[in-house]
Structures are given as structure tokens and as C-alpha cells.
Amino acid sequence: MNNQYVKRKVVTRDMQSCLICQRLTDTVLFNKSGPDWIYTCDLHLDDNPQFVTPLYSEEYKHALEDMKRCQMELTQCKNKERHTGSWDGWITTIFNKKRENEKKEQDSESKPTFDETEKSIDSFHLERELQMKYDKALDTMTSLQAQNKNYKLSDKMFQYRMFHRKEQQQRLQQRLQQRKRQEEQVKKESESYTDTDPADLAEKFNFPSAPNSDLK
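Every chain's residues receive numbers from 1 upward, in the order its sequence appears when written. Two thresholds apply to this predicted model, a pLDDT of at least 70 for residue-level local features and 80 or more for giving and counting side-chain atom pairs, whereas whole-chain, interface and lining totals are computed over all residues. Hydrogens are left out, water is left out, and the side-chain values use all remaining heavy atoms of the structure.

For this particular structure, what's the right way to read the nonpolar core?
Note on soluble globular proteins: their nonpolar side chains tend to be buried together. To define a nonpolar core, start from buried Ala, Val, Leu, Ile, Met, Phe, Trp, Tyr and Cys residues and group those joined through side-chain atoms within 4.5 Å. Each residue is assigned to one of three classes by its accessible area relative to the maximum for its type, calculated with a 1.4 Å probe on protein chains only: buried under 20%, partly exposed between the two thresholds, exposed over 50%. In this structure, Tyr60, Ala63, Met67, Cys70, Leu74, Cys77, Leu130, Tyr134, Ala137, Met141 and Leu144 together form the largest nonpolar core, which totals 11 residues. Breaking this core down by element, the ones donating at least two residues are helix H1 (58-84) and helix H4 (114-147). Strands are runs of DSSP state E lasting at least 2 residues, helices are runs of H or I lasting at least 4, and numbering of each runs from the N terminus. The element that contributes the greatest number of residues to this core is H1, accounting for six residues. Contact definition: two residues touch when any of their heavy atoms are within 4.5 Å. Beyond its immediate stretch of four places on either side in the chain, Ala63 contacts Thr140, Met141 and Leu144. The next biggest cluster of nonpolar side chains, apart from the first, holds 10 residues, and it includes Leu29, Ile38, Phe51 and Tyr151.

Structure representation (C-alpha cells):
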């Protein structure tokens, strides 16, 4: 039996107790190679390596790598922005009204140069673009994660299921053998009664005679 189970849903009338918490559930893990099936609540399938581990598709793995790459680029951009100054800080500085009595020298020193302002605008657009790419990659990865239906049992749980299945097969084999013996016994008894000669029965057994209708 392969250690690969597929998550399925059953109708309400087929719900059974969860293997973990004993509550009724309509979620079942089905193993076609067994066959084997385990009823479980959906919450037990999330972040529970002692029970199961998701078997994600290659598409999901690629989406996960893409999301990590976008996250790293966005983080690097934000860290760089912290060292050079933020766009909001420059906007506040540019449009902040100074008191009329402040010296022109102080006012000129407080304003950023044209090159600094242009760099801040470019950094703002770059960070915004990277944020959009990261959000899109995260949505794709999350969607593929939610669509996953394949799981692998932990080693201990799979060994338990193998042992449990072996016991079931042994009990089934015993019931089949017992039924076969009963059928053979019934058949043997039926044949013994069918093959019996009435004359032999009369000799072996002393049957009472029919009452005489003549009364004395």
C-alpha cells in the first residue's frame, strides 16, 4: 500500500467519527492502493506533521519560490529606503510651511536637492511595483495551497494503518473460512438425508404403526 491519500467529501448520511477527536465529519482521506480510508476534520490536516503532511504539486512549489523571491526583493528595497530616507519624509519636508521669520539659510538647508527628490520618487515607484508583484505571487501560492488534496501520513501513523489493515484482512479471512465450513456442513447434512433409503430407515428405526380403525 502506497502512503498517498486523497482528501474527499462525503454526503451527510455517510458522515463518520473523526479519527482524532471523534466528532462527526464529512472529510475522508482515501487511499486507493489499500484500499484505506480515514475520517478526519479539516483542521487536523493543517500544520500537523505528526498526523499528515501535504503533498503539494510542482506548480505550487514554483509559486512558493516565486513568492519568496518577491518577498526578498521587497525587503531589500525597504531596507535600502530606510537608509536613504522615505518618500513620505521628503514630501513632508518639501510641503512643510516655514515660518516667515526663519532665515533663508536654514530654509534652504532643510529642503532636499532635486536629485534627492527624484531618487525618492523612483524608490517609491519601485517599492510599489515590488509590493504588487509580491501580493500577486502570495495570492497565487495561497490559492494553490488551498486546492491541494493530496497528503502523506506520518511514518508512525502509516505503520499503524498498515497493521490495522492487516488485522482487518485476517478477521475477514477467518469469517470467510468459518462461513465456508458452515456451508460445507449444511451441504453434507443435506446430502446425507437425501441419499438415505426409506427401507434402511425402517430397519434402523422402529417407527410406530398407524392405529387400526377397527375398535374392539
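What is the right way to read the layout of surface pockets from this model?
If a probe the size of a water molecule is rolled over the atoms, the empty space left behind becomes visible. Volume-wise, the largest pocket comes out at about 280 Å³. Around the largest pocket, the lining comprises 15 residues; the ones closest to its centre are Asp36, Trp37, Arg161, His164 and Gln168. Among the elements that take part in the lining of the largest pocket, helix H5 (residues 155-194) stands out by supplying five residues, more than any other. Three classes are used, and their members are as follows: Ala, Val, Leu, Ile, Met, Phe, Trp, Tyr, Cys and Pro are nonpolar, Asp, Glu, Lys and Arg are charged, and the others, Gly among them, are polar. Considering only residue class, the lining of the largest pocket consists of six nonpolar, six polar and three charged. Empty space within the second largest pocket amounts to approximately 160 Å³. We place a 1 Å grid over just the protein atoms. Points where a 1.4 Å probe fits but has no way out form a cavity, open points with protein on both sides within 12 Å along at least 5 of 7 lines form a pocket, and any residue with an atom within 4 Å of a point lines it. Along the walls of the second largest pocket sit Lys7, Asp42, Leu45, Asp46, Asp47, Pro54, Tyr56, Gln145, Ala146, Asn148 and Tyr151, which together make up its complete lining. The class makeup of the residues in the lining of the second largest pocket is five nonpolar, two polar and four charged. Grid points are joined across faces, edges and corners, and a volume is the space filled by probe spheres set on the points.

Hey, could you run me through the pattern of salt bridges in this one?
One speaks of a salt bridge when a side-chain nitrogen belonging to Lys or Arg is within 4 Å of a carboxyl oxygen belonging to Asp or Glu. Overall, the coordinates contain six salt bridges when judged by the stated rule. In this structure, Asp26 engages Lys9 in a salt bridge whose closest nitrogen and oxygen atoms are separated by 3.5 Å. Residue Asp26 is located in the loop between strand S3 (24-25) and strand S4 (27-31), and its partner Lys9 is located in strand S1 (residues 5-9); the two are separated by 17 residues in the primary sequence. For Asp26, a relative accessible area of 28% translates into the label partly exposed. Note on Lys9: relative accessible area 49%, which makes it partly exposed. One salt bridge connects Asp66 with Arg69, and the closest N-O pair in it is separated by 2.3 Å. Note that Asp66 and Arg69 are positioned in helix H1 at a spacing of three residues, about one turn of the helix. Judged by its relative accessible area of 29%, Asp66 falls in the partly exposed class. What you see here is one network of salt bridges that share partners, running through Lys9, Asp26 and Asp42.

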